[in-house]
Amino acid sequence: MSVLIDESTRVVVQGITGRDGGFHTGQMLEYGTKVVAGVTPGRGGQVAQGVPVYNSMKEAVAATGANTSCIFVPARLNAADAIVEAVYAGIKLVVCITENVPNMDMIRVNAIVDSHPGTRLVGPNCPGLISPGKCKIGIIPGSIFQPGSVGLVSRSGTLTYEIADELTRAGFGQTTAVGIGGDPMIGTTFKDVLPLFQDDPDTEVIVMVGEIGGSDEEEGAEVIKNSVTKPVVGFIGGRTAPPGKRMGHAGAIISGKTGTPQGKVAALEAAGVPVADTPHDVVALVQAAYAKLRGNH
């Protein structure tokens, strides 16, 4: 199995007629993802990447039965409103790739998403997600993933790719990889994804990739301690970052005593999660987790 997406996922791309939206729609289609519609206001009736374009999400969902949205609408063209439109159109999974969505907009958006319990938002500022061999949504490069039994959840897009590539080369395929994004205000967090992998019968080992800033990793560690019985392997990026300096993501900043890599590593280790020193070391820890599962101590 997989989590959140599979072969039956029907995707509408918001911003399909833009440069990035068009390019990545082509990549998703090439991978085998069922992209059934695109939305760009004022472009209804056109065709982009062989996909019909509609003026609104409501029209696109009514015509195609889409249940998932991938958003490439730029922040300055109201990506936040694009999320809200997807929610009100009945979309169940909204994946927002867009970066630089203002925090104040996301406070409003998250309140709307929270009032629709049947809808999940992944992102913004995320690479998307992939269930190898089944479906890929967003900008994740499909070639470095392969089907298997590792569930991967990460705040960092680049670290997702690096660690997935290392796992695949070592023969450890993935059930699903979820890039949750590194902004301070996102929809789905570690504490939301970890239970999905716990409940997925095909996921045997979970890899959780965090970075400095915020408290998502600590909250994830609490979930692991209380309700995850499967082995979890961790990695925290940004251990050498100086306090008070933003590193890449808007959320990757240490402020006062919160968000430190030491605090995150300590929280994970207290929950029984071994934490790799480098991305390369993740593979050895995953190998050890499988050996323990198979009884080969």
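Our subject in this report is the structure included herewith.

The rules behind these values
Residues numbered from 1 in each chain as written. Predicted model: local features only at pLDDT ≥ 70, side-chain atom pairs only at ≥ 80, totals over all residues. Heavy atoms only, no water. Buried < 20%, exposed > 50% of the residue type's maximum accessible area, 1.4 Å probe, protein only. Helix = DSSP H or I, 4+ residues; strand = E, 2+ residues; numbered from the N terminus. Pairing = 2+ DSSP bridges. Right-handed = clockwise from strand over helix to strand, strands pointing away. Contact = heavy atoms within 4.5 Å. Phe/Tyr/Trp six-rings, centres within 6.5 Å; stacked < 30°, edge-to-face > 60°. Lys, Arg positive; Asp, Glu negative; His and termini not counted. Salt bridge = Lys/Arg side-chain N within 4 Å of Asp/Glu carboxyl O. Disulfide = S-S within 2.5 Å. Expected span 1.5 Å × (residues − 1). Axes fitted to C-alpha atoms, helices over the stretch in contact; angles between N-to-C directions. Parallel < 35°, antiparallel > 145°, perpendicular 65-115°, else oblique.

Take the pairing of strand β5 (residues 68-71) next. A two-sided burial pattern is seen for β5, the buried positions comprising Thr-68 and Cys-70 on one face and Ser-69 and Ile-71 on the other. Taken together, the four bridges between strand β1 (residues 10-14) and β5 define a ladder with parallel strand orientation. Residue Val-12 lies in a different strand from β5, and its bridge partner there is Ser-69. After leaving β5, the chain enters helix α3 (residues 79-88) and then returns to the sheet as strand β6 (residues 93-96), a path that is right-handed.

Our next topic: the environment of Tyr-290. Note that Tyr-290 resides in helix α9 (residues 282-293). Residue Tyr-290 is classed as buried on the basis of its relative accessible area of 9%. Residues Tyr-290 and Leu-167, 123 residues apart in the sequence, show an inter-C-alpha distance of 13 Å. Those residues within four positions of Tyr-290 in sequence are excluded, and the remaining contacts are Ser-149, Val-150, Phe-172, Glu-204 and Val-205.

Applying the stated rule across the entire model yields one aromatic pair. Look at Phe-172 and Tyr-290: their rings are 5.3 Å apart centre to centre, the planes differ by 10 degrees, and that puts the pair in the stacked class. Placement of the pair is Phe-172 in the loop between α5 (157-169) and β11 (174-179) and Tyr-290 in helix α9, with a sequence separation of 118 residues. Each member of the pair, Phe-172 as well as Tyr-290, is classed as buried.

Moving on to the side chain of Asp-200. Locating Asp-200 in the fold gives a position in the loop between α6 (190-199) and β12 (205-211). Buried Asp-200, no salt bridge; nearest opposite-charge side chain is Lys-230, N-O distance 5.8 Å.

A word on the state of the cysteines. By the definition in use, this model includes zero disulfides. No disulfide involves Cys-70; its sulfur sits 7.8 Å from that of Cys-126, the nearest cysteine. The thiol sulfur of Cys-96 is not disulfide-bonded, and the nearest other cysteine sulfur, from Cys-126, lies at 7.1 Å.

Okay, α3 next. The α-helix winds at 3.6 residues per turn, so residues separated by three or four positions along the chain end up facing the same way. Across the ten residues that make up α3, a large majority, seven, are buried. What α3 keeps buried is the set Ala-79, Ala-80, Ala-82, Ile-83, Val-84, Ala-86 and Val-87. Looking one or two residues past α3, Gly-90 carries a phi angle of roughly 90 degrees, positive in sign.

Attention now goes to helix α1 (residues 19-31). In this model, α1 (13 residues) spans 19 Å end to end at C-alpha, consistent with the 18 Å of a helix rising 1.5 Å per residue. Buried within α1 we find Gly-21, Gly-22, His-24, Thr-25, Gly-26 and Met-28. Against the buried residues of α1 lie β1, β2 (34-39), β4 (51-54), β5 and β9 (135-138).

With that out of the way, let us pick up the packing of α3 against helix α4 (residues 103-114). Following both chains from N to C, one finds α3 and α4 inclined at 5 degrees, their axes separated by 10 Å at the closest point. When the axis of α3 is compared with that of α4, the two are roughly parallel. Here Ala-80, Asp-81, Ile-83, Val-84, Val-87 and Tyr-88 of α3 come into contact with α4, specifically with Asp-105, Met-106, Arg-108, Val-109, Ile-112 and Val-113.

A few words now on the pattern of salt bridges. One pass over the structure, following the stated rule, counts nine salt bridges. The closest approach of N and O atoms between Glu-211 and Arg-155, which form a salt bridge, is 4.0 Å. In this pair, Glu-211 sits in strand β12 while Arg-155 sits in the loop between β10 (147-154) and α5, placing the two residues 56 residues apart along the sequence. Using a relative accessible area of 4% as the deciding quantity, one classes Arg-155 as buried. The residue Glu-217 makes a salt bridge to Lys-264 at a minimum N-O spacing of 2.6 Å. Of this pair, Glu-217 sits in helix α7 (residues 216-227) while Lys-264 sits in helix α8 (residues 261-270), and the two are 47 residues apart along the sequence. For the pair formed by Glu-217 and Lys-264, the shared burial category is buried. The network of salt bridges with common partners includes Arg-155, Glu-211, Glu-217, Glu-218 and Lys-264.

Time to look at the sheet that holds strand β14 (residues 275-276). Read across the open sheet, the seven strands follow the order β9-β8-β11-β10-β12-β13-β14; overall the sheet is mixed. Edge positions in the sheet fall to β9 and β14, since each has one partner strand and no second. Where β12 lies against strand β13 (residues 232-237), six bridges are found, and the strand directions are parallel. Bridged to Ile-206 within β13 is Val-232. Each of β12 and β13 is contacted by α7, which is oriented at about 155 degrees to β12, the strand it contacts most.

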